[in-house]
Amino acid sequence: MADLKDFAEQLVNLTVKEVNELAGILKDEYGIEPAAAAVAVAAGGGAEAGEAAEEKTEFDVILKAAGASKLAVVKLVKELTGLGLKDAKDIVDSAPKPVKEGVSKDEAEGIKKSLEEAGAEVELK
């Protein structure tokens, strides 16, 4: 087991030139195409490479407060969600409350901008 740890440490500490030489040896002598392994080792390898943070793709638009123009915010929530006037008013009255959930970043930012222009306080999660 200690030999494997030593070997892994040697791989992680290879220079870019050494990684390229290793890739050539693996390809020429063993028929292994080590492209992914070479990139991981060159990038620092080890546990750090596997723990890259995933980019968030779905957002929730949370109405924190209606602000001064409550009526304008209710109308906008009604328009954005497709809900009836009473349901839109209930969302605004019970803030903080999600207006839309699981939307793309662009859509979430657009909704946030529209609601803020109407006077509401909005948060993306």
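Numbering of residues starts from 1 in each chain and follows the order in which that chain's sequence is written. Predicted model: local features are reported for residues with pLDDT of at least 70 only, side-chain atom pairs are reported and counted for 80 or more only, and whole-chain, interface and lining totals are derived from all residues. Water and hydrogen atoms play no part in the side-chain values, which are based on all heavy atoms of the structure.

Per an unreviewed UniProt entry, the protein chain is named Large ribosomal subunit protein bL12, and its organism is Maribacter hydrothermalis. UniProt positions are given in the numbering used here, feature names are shortened, and annotations may be inferred rather than shown by experiment. Under the UniProt heading Sequence similarities (unreviewed entry), the note attached to the protein chain is "Belongs to the bacterial ribosomal protein bL12 family." The UniProt entry for the protein chain carries the following comment under Function (unreviewed entry): "Forms part of the ribosomal stalk which helps the ribosome interact with GTP-bound translation factors. Is thus essential for accurate translation."

Engineer: I tried to follow the confidence of the model for the protein chain on my own but got confused; where do I start?
Structural biologist: Predicted coordinates in regions of low pLDDT should not be interpreted in detail. Known as pLDDT, the predictor's confidence for each residue is given on a scale from 0 to 100. Mean pLDDT over the protein chain: 79, with 81% of residues reaching 70 or higher. The spread of mean pLDDT over the elements of the protein chain runs between helix α4 (residues 46-50), the lowest at 45, and helix α6 (residues 85-93), the highest at 90. Contacts from residues 37-42, a stretch scored under 50 in pLDDT, to residues over four places away or in other chains number seven contacts. Secondary structure elements follow DSSP: runs of H or I of four or more residues count as helices, runs of E of two or more count as strands, with numbering from the N terminus. Here a residue-residue contact requires only that any non-hydrogen atoms of the pair lie within 4.5 Å.

Engineer: How do you make sense of unusual backbone geometry when you look at a structure like this?
Structural biologist: Excluding glycine, residues mostly carry a negative phi; peptide bonds, for their part, are mostly trans. Note the cis peptide between Ala95 and Pro96, where omega equals 5°. Tracing the backbone through its elements, the reader meets Pro96 in the loop between α6 and β2 (97-103).

Engineer: Can you walk me through the sheet that holds strand β1 (residues 59-65) in this structure?
Structural biologist: Within a sheet, neighbouring strands are paired by backbone hydrogen bonds and run either parallel or antiparallel to one another. Pairing between strands is defined by DSSP: at least two bridges between the two strands are required. Here three strands make up an open sheet; going across it, the order is β2-β1-β3 and the pairing antiparallel. This sheet does not close on itself; its edge strands, each paired only once, are β2 and β3 (121-124). Neighbour-to-neighbour, the strand axes of the sheet open up by a mean angle of 20°, direction not taken into account. Relative to β3, β1 is paired through four bridges, and the arrangement is antiparallel. Following the sheet pairing, Val61 is matched in β3 by Leu124. Here, axes are lines fitted to C-alpha atoms. For helices the fit covers the stretch in contact, and angles between N-to-C directions go from 0 to 180 degrees.

Engineer: What is the right way to read the nonpolar core from this model?
Structural biologist: In globular proteins that are soluble, nonpolar side chains generally tend to be buried together. Nonpolar cores are built from buried Ala, Val, Leu, Ile, Met, Phe, Trp, Tyr and Cys residues. Side-chain atoms within 4.5 Å join them into one set. Burial classes follow relative accessibility: with a 1.4 Å probe on protein chains only, a residue under 20% of its type's maximum area counts as buried, one over 50% as exposed, and anything between as partly exposed. Within the largest apolar cluster, 19 residues are counted, with the highest numbers of intra-cluster contacts made by Val61, Val73, Val77, Val92 and Leu115. Counting residues per element, the ones that place at least two in this core are β1, α5 (70-81), α6, β2 and α7 (105-117). The element best represented in this core is α5, accounting for four residues. With residues near it in sequence (within four places) discarded, Leu115 still touches Val61, Val73, Leu76, Val77, Leu80, Val99, Ala120 and Val122.

Engineer: What should I look at first to understand helix α2 (residues 16-30) in this one?
Structural biologist: Each α-helix turn comprises 3.6 residues. Residues three or four places apart therefore point the same way. Helix span is expected to be 1.5 Å times the residue number reduced by one. When the terminal C-alpha atoms of α2 are compared, their 21 Å separation across 15 residues agrees well with the 21 Å that a helix rising 1.5 Å per residue should span. Backbone geometry just downstream of α2 places Gly31 in the positive-phi region, at approximately 70°.

Engineer: Just to check I follow, could you spell out the packing of α5 against α7 for this structure?
Structural biologist: Pairs of packed helices are described in terms of their axes, by the angle between the two and the distance that separates them. Between α5 and α7, the shortest axis-to-axis distance is 9 Å and the interhelical angle comes to 155°. For the element pair α5 / α7, the angle class is roughly antiparallel. The handedness of the crossing between α5 and α7 comes out as right-handed. In this structure, α5 contributes Val73, Leu76, Val77 and Leu80 to the contact, and α7 contributes Ile111, Ser114 and Leu115. Of the residues contributing to the contact of α5 with α7, the split by class is six nonpolar, one polar and no charged. Note that the term roughly parallel is reserved for angles under 35 degrees, roughly antiparallel for angles over 145, roughly perpendicular for angles of 65 to 115, and oblique for everything else. Less than a right angle of anticlockwise turn of the near helix away from the far helix marks a crossing as left-handed, whereas a clockwise turn marks it as right-handed. Put simply, Ala, Val, Leu, Ile, Met, Phe, Trp, Tyr, Cys and Pro go in the nonpolar bin, Asp, Glu, Lys and Arg in the charged bin, and everything else, Gly too, in the polar bin.

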